[in-house]
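Summary of structural features
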Amino acid sequence: MENTEINGLRLSPHFVLGEFLNLAKHPDNVPTMQQVVNMAYGCLMLLEPARTVTGCPIIVNSGFRNAAYNARVGGASRSQHLVGQAADIRPGDPSQFQLLVDYLRLSEHTDQLLTGRGWLHISWNPFGPPRHDVRLGYYK
């Protein structure tokens, strides 16, 4: 599959795979089919509902990272980004940030929620019960 085909693969009504890969800067950051399924789960169970609640687009700053990309950005060695189960996001409308945080904090599908200034890390686990590990103000 060409990178242009990968980029346009729809994960849910408002999210495409390319938003999670950053292939323009990291052309080797190509996920397996299982990793794509994991990202689709996160989109359907967390990001799409969050988009509905906030009434604005959700922007993916960082999604899937293969091991090389994760090492280049200083990601944790056991990061859920490595398996397509995490994204660093922000609302398209910054005034909706707190609403986004509140929604994800209470979602039954949130595995981990770590907030920064205007952005947050959200993770999910399609294969087990979520930890509901919520740390507000984690990234200073």
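Residues numbered from 1 in each chain as written. Predicted model: local features only at pLDDT ≥ 70, side-chain atom pairs only at ≥ 80, totals over all residues. Heavy atoms only, no water.

1. Here's the deal with the sheet that holds strand 6 (residues 120–123)
The strand order across the open sheet built from five strands is 3-4-6-5-7, with neighbouring strands paired in mixed fashion. Looking at which strands have only one partner, the edges of the open sheet turn out to be strand 3 (58–62) and strand 7 (133–135). Recorded for the sheet is a direction-independent mean angle of 25° between the axes of neighbouring strands. Where strand 3 meets strand 4 (residues 86–91), four bridges bridge the pair, whose relative direction is antiparallel. Opposite V60, over in strand 4, you have I89 as the bridge partner. (Pairing = 2+ DSSP bridges. Helix = DSSP H or I, 4+ residues; strand = E, 2+ residues; numbered from the N terminus. Axes fitted to C-alpha atoms, helices over the stretch in contact; angles between N-to-C directions.)

2. Overview of the pairing of strand 6
Along strand 6, one buried face is formed by L120 and I122 and the opposite face, lined by H121 and S123, is buried too. The sheet contact formed by strand 4 and strand 6 spans four bridges and is antiparallel. Counterpart to A87 in the pairing with strand 6 is I122. (Buried < 20%, exposed > 50% of the residue type's maximum accessible area, 1.4 Å probe, protein only.)

3. A short note on the nonpolar core
Residues L11, F20, M39, I89, L104, L120 and I122 are the most contacted members of the largest nonpolar core, which totals 27 residues. Those elements that place two or more of their residues in this core are helix 2 (18–21), helix 3 (33–54), strand 3, strand 4, helix 5 (97–106) and strand 6. The dominant element in this core, judged by the number of residues it contributes, is helix 3, at seven residues. Beyond its immediate chain neighbours, meaning those up to four positions away, I122 contacts L46, L47, Q85, A86, A87, I89, L104, T110, Q112 and L113. (Core = buried A, V, L, I, M, F, W, Y, C linked by side-chain atoms within 4.5 Å. Contact = heavy atoms within 4.5 Å.)

4. As for the packing of aromatic side chains
According to the stated counting rule, one finds three aromatic pairs in the structure shown. Linked through ring pairs, W119, Y138 and Y139 together constitute an aromatic cluster. (Phe/Tyr/Trp six-rings, centres within 6.5 Å; stacked < 30°, edge-to-face > 60°.)

5. So, the layout of surface pockets
Here the idea is plain: a probe the size of a water molecule rolls over the atoms and shows the empty space left. Computed from the structure, the largest pocket encloses a volume of approximately 300 Å³. Split by residue class, the lining of the largest pocket holds five nonpolar, seven polar and four charged. (1 Å grid on protein atoms, 1.4 Å probe; cavity = no way out; pocket = protein on both sides within 12 Å on 5 of 7 lines; lining within 4 Å. Points joined across faces, edges and corners; volume = space filled by probe spheres on them. Nonpolar A, V, L, I, M, F, W, Y, C, P; charged D, E, K, R; others polar.)

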